[in-house]
Amino acid sequence: MISNDNGGLDVNRSNNWQDESPVMFLHHHMTHPMDATNGSGSNALKAECDQSAMQTRQPYYCVNSIMIARGYAGWDNNSAGNFFAIRPSDALADGNGRRNLINGADIGVRDETGSEDGGGMLGMEVDLYADGKDVHQNRMVQMITIGGVKSEAGMTVNEGLEIAAGQNSFNFPVNISGKFNKAAFASWAATPACRDPNDLGTCAPGLWLGDNQRIVLDQGQDTYFGLNKKTVRLDWIVNNLMALSFDRNANAEIRQNLKVDGSSALDTGRITTDGDGNLIVASLRSGAVIATHESHFFYDTYTDPEVGIRRDAKFGSQGISSIGDIHTNGDMAARGDISATGYINIGTHRKRELLVRSVPDGTIAFCSDCRLNQLKGVFAVYHLDIRTWTDAMNNHLR
């Protein structure tokens, strides 16, 4: 039944049959090519809401499709707008080759005023309204799925969602606001393709960033990490301070403090590693240093941040515990104990070298040409009050 109600068209079918024809079928025979660059093209159906006859320019809501559904539970769905573009199986039978793109839904807006004050624009709005919690987990605002026509597997799609700006730009291509309960982005249920499942480097990445693209961890953009294309380094920045940096050979450079355990730290210095994995240290202060392999400390001075002057490199209050060897090219001083499970080799000096050297009180050295009890080789101790060296029995060196 077709009726006219106040200028509107009402098409009413009172029953339905299997494989019936649609309630309304619009068939537009195309006879001439059309240029769709202006957003119009050739329309089989066009709707327009005109407010020019309204006496007052108040907001109004104009829609062209509303469906009231009372369907029963099941897998079938009820759609207010169901758009499906089908390329039929005989589309290539005429021998004219590949066809142009078919589009399930092309939705867009155009502001032709040429002004920034033309008004707001929204390309597409997808809303979901309901009450109560999603206890059955069957509410979804938007779904993108792919599938085969003749086979359930093997078909591939290059992109699931593309956001393109061309010569223009977005402020936020994707902007999430409001509360989320589990994760703003989740890919844990996705399976990456891997050439070798035992080699992570052969697997497709879960997140793929380009050069100079950062991952920012705070609203002020002061803490972030990313690949610096100019220096070819992976940099970790904390409160706008370089904290950790890796070069292309996986060498690490620590610019700030390195926490060793809950109570000790390596402080006020610069710590790097060379290509062989050796630790290169500019200065260490206020903490214990634990070495399980040979460690080379190549710098003998550091700048004291409290007074701004150069000092000898010192290892602070908790001492040094070493399972391996410790080498230093400069002086090493400790305010606490120095212990080792192996030998301590303090080096050898000749007597004439010790007598002309000014060292702190209580310094111990091995005098290779000094004698005690007819034996050559003596441990020597420096006494600041008398400004001389003695053997372990407080005798002058002989």
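Residues numbered from 1 in each chain as written. Predicted model: local features only at pLDDT ≥ 70, side-chain atom pairs only at ≥ 80, totals over all residues. Heavy atoms only, no water.

Draft legend 1. Here's a closer look at the overall build of the chain. Within the chain one finds one helix and 24 strands. Here the chain holds 398 residues, and the buried ones make up 14% of them. For the chain, long-range pairs separated by at least 24 residues make up 16% of all intrachain contacts whose partners lie at least 6 apart in sequence. If you sum the accessible surface of the chain, you get close to 33,900 Å²; carbon and sulfur atoms cover 50% of it. (Helix = DSSP H or I, 4+ residues; strand = E, 2+ residues; numbered from the N terminus. Buried < 20%, exposed > 50% of the residue type's maximum accessible area, 1.4 Å probe, protein only. Contact = heavy atoms within 4.5 Å. Areas by Shrake-Rupley, 256 points an atom, 1.4 Å probe, with all protein chains shown as cover.)

Draft legend 2. How the structure looks around the packing of aromatic side chains. Inspection of every chain in the model, using the stated rule, returns three aromatic pairs. Aromatic pair Phe-225 and Trp-236: ring centres 4.3 Å apart, planes at 15°, arrangement stacked. Taken together, the positions of Phe-225 in strand S4 (residues 224-228) and Trp-236 in strand S5 (residues 233-238) put the pair eleven residues apart, joining distant regions of the chain. Their ring planes at 75° and their centres at 5.3 Å tell us that Phe-366 and Phe-379 sit as a pair that is edge-to-face. Highlighted residues: Phe-366 in strand S22 (residues 364-372) and Phe-379 in strand S23 (residues 375-383), separated in sequence by 13 residues. One cation-aromatic arrangement involves Arg-214 over Tyr-224; the distance from NZ or CZ to the ring centre is 4.4 Å. (Phe/Tyr/Trp six-rings, centres within 6.5 Å; stacked < 30°, edge-to-face > 60°. Lys NZ or Arg CZ within 6 Å of the ring centre and 35° of its normal.)

Draft legend 3. Structural context of the pattern of salt bridges. Under the definition given, this model contains five salt bridges. In this structure, the salt-bridge partner of Arg-99 is Asp-94, at a minimum N-O distance of 2.5 Å. Classification of Asp-94 by relative accessible area gives partly exposed; the value is 46%. Two residues, Glu-112 and Arg-110, come together in a salt bridge whose shortest N-O distance is 3.2 Å. (Salt bridge = Lys/Arg side-chain N within 4 Å of Asp/Glu carboxyl O.)

Draft legend 4. How the structure looks around the side chain of Thr-390. Structurally, Thr-390 is set in strand S24 (residues 388-390). Of the residues examined, Thr-390 reaches a relative accessible area of 2% and is grouped as buried. Separated by 2.8 Å, the side chains of Thr-390 and His-383 make a polar contact. Once you skip the residues sitting within four places of it in the chain, Thr-390 turns out to touch Phe-379, Ala-380, Val-381, His-383, Asn-395 and Leu-397. (Polar contact = N/O pair within 3.5 Å; in protein donor to acceptor, adjacent residues only side chain to side chain.)

Draft legend 5. Broad picture of the nonpolar core. Among the nonpolar cores identified, the biggest contains eleven residues, and these are Leu-354, Val-359, Ala-365, Cys-367, Cys-370, Leu-372, Val-378, Ala-380, Tyr-382, Trp-389 and Leu-397. Elements with a contribution of two residues or more to this core: S22 and S23. Sort the elements by how many residues they give to this core and S22 lands first, with four residues. Aside from chain neighbours lying at most four places away, what touches Val-378 is Ala-365, Phe-366, Cys-367, Cys-370, Arg-371, Leu-372 and Asp-391. (Core = buried A, V, L, I, M, F, W, Y, C linked by side-chain atoms within 4.5 Å.)

Draft legend 6. Broad picture of the confidence of the model for the chain. On average, residues of the chain carry a pLDDT of 77, and 68% of them reach 70 or more. Confidence, expressed as mean pLDDT per element, reaches its minimum in the chain at strand S13 (residues 295-297) with 42 and its maximum at strand S3 (residues 214-216) with 92. Counted against residues more than four places away or in other chains, residues 261-270, with its pLDDT under 50, gives 37 contacts. In this model residues 282-300 is a low-confidence stretch, pLDDT under 50, and it forms 78 contacts with partners more than four residues away in sequence or in other chains. (pLDDT = per-residue confidence, 0-100.)

Draft legend 7. Structural view of unusual backbone geometry. Its identity as a non-glycine residue notwithstanding, Val-232 has a phi of 50°, on the positive side. Note on placement: Val-232 falls in the loop between S4 and S5. A residue is classified by how much of its surface remains accessible, and Val-232, at 34% relative accessible area, is partly exposed. Not every positive phi belongs to a glycine, and Ala-250 is a case in point at roughly 70°. For Ala-250, the location among the structural elements is in the loop between strand S6 (241-246) and strand S7 (252-254).

Draft legend 8. Here's a closer look at the pairing of S5. Going residue by residue along S5, you find Arg-233, Asp-235 and Ile-237 tucked away on one face and Leu-234, Trp-236 and Val-238 left uncovered on the opposite face. In terms of strand pairing, S4 meets S5 through five bridges, oriented antiparallel. Along S5, the bridge assignment pairs Asn-228 with Arg-233. In textbook terms, the turn of a hairpin is the stretch between consecutive antiparallel strands, and for S4 and S5 this stretch comprises four residues, one of which, Val-232, has a positive phi near 50°. Here five bridges tie S5 to S6, and the two strands are oriented antiparallel to one another. Bridge pairing in S6 links Val-238 to Leu-241. Here S5 folds back onto S6, and the loop between the two strands holds two residues, one of which, Asn-239, carries a positive phi near 50°. (Pairing = 2+ DSSP bridges.)

Draft legend 9. Representation of the sheet that holds S22 in the model. With mixed pairing, four strands are arranged side by side in an open sheet as S21-S22-S23-S24. The sheet is open, and its two borders are formed by strand S21 (348-349) and S24, each paired with just one other strand. In terms of strand pairing, S21 meets S22 through two bridges, oriented parallel. Bridge pairing in S22 places His-349 opposite Cys-367.

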